[in-house]
Amino acid sequence: MKRCEKCGVEVTGNRLRCPLCQGTLLQTTGETREIFPVVPTLYRQYHLLFRLLIFASVAVGVVAVAVNLLLPESGAWSVFVAGGIICVWLSLALAVRKRKNIPKGMLYQVALLSIICMIWDFATGWNGWSIDYVLPILCVAAMAALAVLSRVFNWETENQMIYFCIDAIFGIVPSILFFAGCLRVPYPSVISMAVSLLSLAAVAVFRGDSIWAELKRRLHI
Ligand SMILES: [Zn+2]
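Residues numbered from 1 in each chain as written. Predicted model: local features only at pLDDT ≥ 70, side-chain atom pairs only at ≥ 80, totals over all residues. Heavy atoms only, no water.

Going by an unreviewed UniProt entry, the protein chain carries the name DUF6320 domain-containing protein and comes from Neglectibacter timonensis.

### Side note on the environment of Arg217
Structurally, Arg217 can be placed in helix α7 (residues 187–219). Separated by 3.1 Å, the side chains of Arg217 and Glu214 make a polar contact. (Helix = DSSP H or I, 4+ residues; strand = E, 2+ residues; numbered from the N terminus. Polar contact = N/O pair within 3.5 Å; in protein donor to acceptor, adjacent residues only side chain to side chain.)

### A short note on the sheet that holds strand β1 (residues 2–4)
Taken in spatial order, the three strands line up as β2-β1-β3 in an open sheet, and their pairing is antiparallel. The strands lining the two open edges of the sheet, one partner per strand, are β2 (9–11) and β3 (26–27). (Pairing = 2+ DSSP bridges.)

### Things to note about the side chain of Ser114
Along the chain, the position of Ser114 falls in helix α4 (residues 102–123). In this structure Ser114 comes out as buried when scored by relative accessible area, which is 5%. Those residues within four positions of Ser114 in sequence are excluded, and the remaining contacts are Leu135 and Leu138. (Buried < 20%, exposed > 50% of the residue type's maximum accessible area, 1.4 Å probe, protein only. Contact = heavy atoms within 4.5 Å.)

### Topic: the pattern of salt bridges
If you walk through the whole model with that rule in mind, you get four salt bridges. Close ionic contact of Arg3 with Glu5 constitutes a salt bridge, the shortest N to O distance being 3.8 Å. Accessibility expressed as a relative area gives 27% for Arg3, which makes it partly exposed. With a relative accessible area of 53%, Glu5 lands in the exposed category. The salt bridge involving Glu214 is made with Arg217; its shortest N-O contact spans 3.1 Å. Here Arg217 and Glu214 lie together in helix α7, a separation of three residues that amounts to about one turn. Among the residues examined, Glu214 registers a relative accessible area of 14% and is labelled buried. With a relative accessible area of 55%, Arg217 lands in the exposed category. (Salt bridge = Lys/Arg side-chain N within 4 Å of Asp/Glu carboxyl O.)

### Things to note about the coordination of the zinc ion
Cys4 (SG), Cys7 (SG), Cys18 (SG) and Cys21 (SG) make up the full set of protein donors to the zinc ion, lying at 2.2 to 2.4 Å. Considering all four donor atoms around the zinc ion, angles at the metal cover 105 to 116 degrees and the coordination shape is tetrahedral. Expressed as a motif, the donor residue spacing for the zinc ion is C-x2-C-x10-C-x2-C. Since its relative accessible area comes to 2%, Cys4 is described here as buried. For Cys7, a relative accessible area of 32% gives the class partly exposed. (Donors = N, O, S within 2.8 Å, 3.2 Å for Na, K, Ca; no water. Tetrahedral: all angles 85-135°; square planar, octahedral: opposite > 155°, others 65-115°.)

### Examining the packing of aromatic side chains
A full pass over the atoms with the stated rule returns two aromatic pairs. With a centroid separation of 6.0 Å and 85 degrees between ring planes, the pair formed by Trp120 and Trp129 is classed as edge-to-face. Residue classification places Trp120 among the partly exposed positions, given a relative accessible area of 23%. Seen from their ring centres, Phe178 and Phe179 are 5.0 Å apart, and the 80 degrees between their planes marks the pair as edge-to-face. Judged by its relative accessible area of 29%, Phe178 falls in the partly exposed class. (Phe/Tyr/Trp six-rings, centres within 6.5 Å; stacked < 30°, edge-to-face > 60°.)

### Section: the side chain of Asp132
Positionally, Asp132 belongs in helix α5 (residues 129–153). No salt bridge is formed by the buried Asp132; its nearest oppositely charged neighbour, Arg184, is found at 5.3 Å. Residues contacting Asp132, with those up to four places away along its chain left out, are Asn127, Leu183, Arg184, Val185, Pro188 and Ser189. (Lys, Arg positive; Asp, Glu negative; His and termini not counted.)

### Focus on the UniProt feature "transmembrane region" (unreviewed entry) in the protein chain
The sites that carry the UniProt feature "transmembrane region" (unreviewed entry) are, in the present numbering, residues 48–71, 77–96, 105–123, 129–149, 161–181 and 187–208. Structurally, residues 161–181 is divided into 90% helix and 0% strand, and its ends, taken at the C-alpha atoms, are 31 Å apart. Between the end C-alpha atoms of residues 187–208 there is a gap of 30 Å, over a span that is 100% helix and 0% strand. (UniProt positions renumbered as here; feature names shortened; annotations may be inferred.)

In structure tokens form, the structure reads like this:
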């Protein structure tokens, strides 16, 4: 137990300063039991996993640079390996930050990864692989993940509405690129459009009633 002379209060736990006046506390009895439980952060909960992942990515980066130094004629590909590792960490950090809202988190992930890939593609002389392959593949992967997650978590109507809009975005962006004639290899984008339309149809058919009711309630129709 600790005591603040100024405020005349007894304070339990391991605090050094008075919670009221921030003054120094005096030790009165030996007991220093914490009354509030210590809540572990996500990092603390999974700290071994995080350490293993950090170590694995450092190891991959070091090995890649070492092999690249031994084979200089193979080009500066280890730069891309390092870039890839940084991308994975950025997207992991984003997923952890946005885990309260998974559909939005997915959208940010896809946007971030596609922009990074486009910059990468641009920096290496623009072969178009970022919009031909990476963007539609990411969209399809995100839509598949969202479809699974919406079943697993049994999202309520509000999340379903966000999910519906995000699925539409994943279909619209590749179709804009397709119809604007930016693509050299069109089939991944066409697949992405088809998956988007199918999942929109599925949500409309199976969850349409509850979404429509929610919209009416919100817009006072
Ligand atoms: Zn005080």
